[in-house]
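Observations on chain architecture
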Amino acid sequence: MIDVTKIRKDFPILKREVNGKPLVYLDNAATSQTPQQVIDVIVDYYQNYNANIHRGVHALSQEATDKYEVARQKIQKHFNAKNSYEIIFTSGTTHSINIVANGFTTLLEKGDEILVSAMEHHSNIVPWQMLAERTGAVLKVIPMNLEGELKMDVYAELLSNKTKLVFCNHISNALGTINPIEIIIDKAHAVGAAVLIDGAQAAPHVKADMQKLDVDFYTASAHKMCGPTGEGMLYGKEEWLNKLPPYQGGGEMIAEVTFEKTTYADLPHKFEAGTPNICGGIAFGAALDYMNAIGFEAIAAYEHELLEYATQELLKIEGLKIYGTAKNKTSVISFKIEGLHPYDIGSILDKLGVAVRTGHHCAQPIMDFYKIPGTVRASFSFYNTMDEVDALVAAVVRAKGMLE
Ligand SMILES: *Cc1c(COP(=O)(O)O)cnc(C)c1O
């Protein structure tokens, strides 16, 4: 069980006011808030042992290196990767995906096929389009139904021995749909294709097990799970990471450099050129500690209650339609009110202290599919309350009254 009153005390930002009203933060799918426990780790780093890692013989450098590598092991353990060197520190999911998309440039041939789902974030579309352009590979789309669920029968038909890669998000940031990634991965493997699962939106809600899923690549962003921005991870199976060429050249990622030839460092350093976000990596580890102490099962159960209650209450508003009604979904509600522009609703909600996202949520193809310009999106985290759901609903009713 979640003790939300106690949890909220960990988040200093939740005490602030916006436009003279208590902040109701419901933009968690864009970025989560940061608990004091993680803020303390960030401050401790800069106050006490800020140093570059892996190079210095001096005490601070060794301390920073140790803590950074301990954080990598925490991430390994959390995602149950077989080896810690299969966890690559990145600046976030976008960076993680680009490492893989770039790496496959030399592994694809003209006419190879890559499949992407219809409900992807732009960061899981554009890098693959660029890859297709570079290689002559063909990008095909796994369609979805009106509820916002992937058409798995069409997916099965699209797969063939030409399919080399499949990309799909674990959970859609725009609709909240939890995709059946176990089946997606198994079916892709049956035709010899590799699978990348974009876990940016899933990692804050469910604990994904890399070995059990047998997934080839998985990504996460720290800032969506109580950690800092500019930090994330790429999980890759050892054999794939060994096959992929490095993404960036620079310091840290080399074994030996001469002007004739450079040899690359072993994993994970091959993909970690330059000075990384050291503090960010350590804080990412602290964020996982924080969330695991609460427990992912408790988090998921509580967020589900918030979702059910908010769905029920919002649907009482006349003319309100929810986009993304999959049976299996997380605490994201995308909605539109007939005749009203999402942006106008969002602006009034802000005046009332309620922070939501409006627009296409970096998933324009989804909005095109529904033939709408965008939605208002309220996304809930384990530190939100039922009272905040009531505040959202009251604010939407008020906005509707003002705009009609
Ligand atoms: C947020 C998000 C991304 C992008 O993550 P960044 O941290 O901005 O790189 C990609 N995919 C999904 C599903 C997301 O929710």
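Residues numbered from 1 in each chain as written. Predicted model: local features only at pLDDT ≥ 70, side-chain atom pairs only at ≥ 80, totals over all residues. Heavy atoms only, no water.

1. So, the layout of surface pockets
For clarity, the cut-off: Cavity and pocket criteria rest on a 1 Å grid covering protein atoms alone: a 1.4 Å probe that fits but cannot get out defines a cavity, protein on both sides within 12 Å along at least 5 of 7 lines defines an open pocket, and an atom within 4 Å of a point defines a lining residue. Grid points are joined across faces, edges and corners, and a volume is the space filled by probe spheres set on the points. Each residue gets one of three labels, nonpolar for Ala, Val, Leu, Ile, Met, Phe, Trp, Tyr, Cys and Pro, charged for Asp, Glu, Lys and Arg, and polar for the others, Gly among them.
Space inside the largest pocket adds up to approximately 280 Å³. In this structure, the largest pocket is lined by 20 residues; those nearest its centre are Ala 29, His 121, Ala 200, His 223 and Lys 224. For the lining of the largest pocket, the class distribution of residues is five nonpolar, eleven polar and four charged. In this structure, the second largest pocket encloses a volume near 230 Å³. Looking at the lining of the second largest pocket, its residues break down into six nonpolar, three polar and four charged.

2. Re the packing of helix 2 (residues 36-49) against helix 10 (residues 278-294)
Note the cut-off: Axis lines are fitted through C-alpha atoms, for helices just across the contact stretch, and the angle between N-to-C directions can take any value from 0 to 180 degrees. Under the DSSP-based scheme used, a helix requires at least four consecutive residues in state H or I and a strand at least two consecutive residues in state E, with every element numbered from the N terminus. The labels follow the angle: roughly parallel below 35 degrees, roughly antiparallel above 145, roughly perpendicular from 65 to 115, and oblique for the rest. Helix crossings fall into two classes, left-handed where the near helix is turned counterclockwise from the far one by less than a right angle and right-handed where it is turned clockwise. We call two residues in contact whenever any of their non-hydrogen atoms come within 4.5 Å of each other.
Direction vectors running N to C along helix 2 and helix 10 enclose 150°, while the axes themselves pass 9 Å from each other. Here helix 10 runs roughly antiparallel to helix 2, going by the angle between their axes. In this structure, helix 2 crosses over helix 10, and the sense of that crossing is right-handed. Residues Gln 37, Val 38, Val 41, Ile 42, Tyr 45, Tyr 46 and Tyr 49 of helix 2 touch helix 10, and the partners they reach there are Ile 278, Cys 279, Ile 282, Ala 283, Ala 286, Ala 287 and Tyr 290. Here the residues of the contact of helix 2 with helix 10 sort into 13 nonpolar, one polar and no charged.

3. A closer look at the site of the ligand
Here is the rule: In these notes, residues near a molecule or strand are those with any non-hydrogen atom within 4 Å of it. Pairing of N or O atoms within 3.5 Å defines a polar contact, subject to two protein rules: one partner must be a possible hydrogen donor and the other a possible acceptor, and residues neighboring in sequence count only if both atoms are side-chain atoms. Here the Shrake-Rupley method, with its probe set to 1.4 Å, supplies the accessible areas, and only the displayed protein chains count as covering residues. If over half the atoms of a molecule are within 2 Å of the grid points of a cavity or pocket, the molecule is regarded as sitting in it.
Within the structure, the ligand sits among Thr 93, Thr 94, His 121, Ser 123, Asn 173, Asp 198, Ala 200, Gln 201, Ser 221, His 223 and Lys 224. The side chain of Gln 201 places a nitrogen or oxygen atom 2.6 Å from an oxygen atom of the ligand. Burial of the ligand by the protein chains amounts to 87% of its free accessible area of 380 Å². More than half of the atoms of the ligand fall within 2 Å of the grid points belonging to the largest pocket. Residues of the shell around the ligand, tallied by class, amount to one nonpolar, eight polar and two charged.

4. Quick look at the pairing of strand 11 (residues 254-257)
Rule in force here: For two strands to be treated as a pair, DSSP must find no fewer than two bridges joining them.
Looking at chain direction, strand 11 and strand 12 (residues 262-264) are connected through three bridges and run antiparallel. Bridge pairing in strand 12 links Glu 256 to Thr 263. If you look at the hairpin formed by strand 11 and strand 12, you'll find four residues sitting between the two strands.

5. Here we look at helix 5 (residues 126-135)
Counted only if it meets this: Only protein chains enter the area calculation, which uses a 1.4 Å probe; residues under 20% of their type maximum are buried, those over 50% are exposed, and those in between are partly exposed. In this description, one arc is meant: the one made by directions from the helix axis to the C-beta atoms.
When we look at burial in helix 5, the residues that qualify are Pro 127, Trp 128, Leu 131, Ala 132 and Thr 135. Relative to the axis of helix 5, the buried residues are bounded by an arc of 140° and lie together on one face. On its buried side, helix 5 packs onto helix 4 (93-103), strand 5 (113-117), strand 6 (138-142), strand 7 (163-169) and strand 8 (194-198). Directly after helix 5, the chain includes Gly 136, whose backbone phi takes a positive value near 80°.

6. What about the nonpolar core?
Definition in use: Grouping buried Ala, Val, Leu, Ile, Met, Phe, Trp, Tyr and Cys residues that are joined through side-chain atoms within 4.5 Å yields what is termed a nonpolar core. These domain limits were set by an automatic method or by a database of domain assignments.
The biggest cluster of nonpolar side chains holds 106 residues, and the ones touching the most others in it are Val 166, Tyr 218, Phe 382 and Leu 392. A total of ten residues in this core trace back to one element, the largest contributor, which is helix 10. Counting contributing residues per domain, this core is built from domain 1 (4-30 + 295-398) and domain 2 (39-292), each supplying no fewer than three. In this structure Val 166 touches Leu 115, Ile 142, Tyr 155, Leu 159, Ile 184, Ala 188, Ala 193, Ala 194, Val 195 and Leu 196, once residues within four positions along its chain are discounted. One finds Val 100, Ile 114, Trp 128 and Leu 241 within the second-largest nonpolar core, a separate group that totals 24 residues.

7. A short note on the domain arrangement of the protein
Just so we agree on the cut-off: The term buried area refers to how much accessible surface (probe radius 1.4 Å) is lost by two components on association, counted for both of them together. For this document, the term salt bridge refers to a Lys or Arg side-chain nitrogen within 4 Å of an Asp or Glu carboxyl oxygen.
Here the protein is described as being made up of domain 1 (4-30 + 295-398) and domain 2 (39-292). Placing the centre of domain 1 and that of domain 2 at their C-alpha centroids yields a distance of 28 Å. The partner domain 2 presents 34 residues to the 35 residues of domain 1 that form the contact. Per-residue buried area on domain 1 facing domain 2 is highest for Phe 296, Thr 330 and Ile 366; these three make up 24% of the total on that side. The tally of links from domain 1 across to domain 2 stands at one salt bridge. Of the charged contacts in the structure, one is a salt bridge between Lys 327 and Glu 149, with a shortest N-O distance of 3.6 Å.

8. Here's the deal with empty space enclosed by the protein
Going through the model one piece at a time under the given rule, you end up with two cavities of 30 Å³ or more. Quantified by volume, the largest cavity comes out at close to 100 Å³. For the largest cavity, the lining is made up of 17 residues, of which Asn 28, Pro 204, His 205, Lys 224 and Ser 381 are closest to its centre. For the lining of the largest cavity, the residue count by class is eight nonpolar, seven polar and two charged. Taken together, domain 1 (4-30 + 295-398) and domain 2 (39-292) each give at least three residues to the lining of the largest cavity, which thus spans both. His 95, Tyr 247, Gln 248, Phe 271, Glu 272 and Ala 273 together form the lining of the second largest cavity. Among the residues making up the lining of the second largest cavity, the classes are represented as three nonpolar, two polar and one charged.

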